[in-house]
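Notes for the structure review
Here are the chains, one letter per residue:
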Amino acid sequence: MSGGRIIALNLALIGAALIVVSSLAAGCGVKLPEEGSPQALLYRERCTECHDIFRPGAMTPKMWETILGGLDGESRRGHPAVPWAERQALLEYIMRHAHRPGASKG
Ligand code: HEC
């Protein structure tokens, strides 16, 4: 009977290890602000269609405006327009977490 218990324990450990590995792979190594929220999920999905993810905090609001256009603006700098219905939600999310030099938390 004790042998069976050891096997069961081993299976539980292997299962736990698999869960850790698969959640790391899904995250692709980049942690987003509000991770798991609908907007963060949307950002992760939409903004990785053509390239790896950029953290919102990697750019200042001005840089984001230049790259993606403002809330109502056209995209510039050769970045393709972002025509999805979720454009506004995405830009709000980005701007909320953009890098603000001097601010304690962006
Ligand atoms: C349709 C394909 C596509 C989608 C979708 C897309 N991008 Fe891009 N992105 C590109 C291309 C192409 C470039 C390189 C263009 C350039 O040199 O500016 C780029 C470049 C960038 C850059 C670097 C710009 C620079 O000047 O260094 C950032 C930041 C960026 N994208 C953010 C985003 C974000 C945020 C989203 C989601 C809202 C997004 N992208 C969605 C195609 C895409």
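Just so you know, the residues in each chain are numbered from 1, in the order the chain's sequence is written. For a predicted model such as this one, the threshold for reporting local features is a pLDDT of at least 70, and the threshold for listing and counting side-chain atom pairs is 80 or more; totals across whole chains, interfaces and linings nevertheless cover every residue.

1. A closer look at the overall build of the protein chain
We count a stretch as a helix when DSSP gives it H or I for four or more residues in a row; a strand needs E for two or more, and each element gets its number in order from the N terminus. Helices and strands together make up the secondary structure of the protein chain, namely 4 helices and 0 strands. N-terminal to C-terminal, the α/β element order of the protein chain is α-α-α-α. Here exposure depends only on C-beta density: within 10 Å of a residue's C-beta, 20 or more other C-beta atoms make it buried, 12 or fewer make it exposed, and intermediate numbers make it partly exposed, the C-beta atoms being placed from the backbone. In the protein chain, buried positions account for 8% of the 106 residues. We call two residues in contact if the C-beta atoms placed from their backbones are at most 7 Å apart. Contacts in the protein chain between residues far apart in sequence, at least 24 positions, make up 51% of those at least 6 positions apart.

2. A closer look at the site of the ligand
In this text, near has one meaning. A residue is near a molecule or strand if its C-beta atom, placed using the backbone, is within 6 Å of it. Near the ligand you find 15 residues, and of these Cys47, Glu49, Cys50, Phe54 and Pro80 are the closest. In this classification, Asp, Glu, Lys and Arg are treated as charged, Ala, Val, Leu, Ile, Met, Phe, Trp, Tyr, Cys and Pro as nonpolar, and every other residue, Gly included, as polar. Along the lines of polarity and charge, the residues of the shell around the ligand split into 9 nonpolar, 3 polar and 3 charged.

3. Some words on the nonpolar core
Most often, soluble globular proteins keep nonpolar side chains buried together rather than apart. Only buried Ala, Val, Leu, Ile, Met, Phe, Trp, Tyr and Cys residues enter a nonpolar core, and they are joined through C-beta atoms within 7 Å. The biggest cluster of nonpolar side chains holds 7 residues, and these are Leu32, Tyr43, Trp64, Leu68, Tyr93, Ile94 and Ala98. Of all elements in the fold, only helix 3 (61-68) and helix 4 (87-97) reach the threshold of two or more residues within this core.

4. Concerning the packing of helix 2 (residues 38-46) against helix 4
Where helix 2 contacts helix 4, the two axes come as close as 10 Å, and the packing angle between them is 105°. Comparing the axis directions of helix 2 and helix 4 gives the class roughly perpendicular. Counted together, Gln39, Leu42, Tyr43 and Arg46 of helix 2 and Ala89, Leu90 and Tyr93 of helix 4 form the full contact between these two elements. Grouping the amino acids of the contact of helix 2 with helix 4 by side-chain chemistry returns 5 nonpolar, 1 polar and 1 charged. The convention used is that axes are lines fitted to C-alpha atoms, helices contributing only their stretch in contact, and that angles between N-to-C directions extend from 0 to 180 degrees. Oblique is the label for every angle not falling under 35 degrees (roughly parallel), over 145 degrees (roughly antiparallel), or within 65 to 115 degrees (roughly perpendicular).

5. Things to note about the environment of Glu34
Take Glu34: it is sitting in the loop between helix 1 (2-27) and helix 2. Excluding residues that lie within four positions of it along the chain, Glu34 makes contacts with Gln39 and Ala40.

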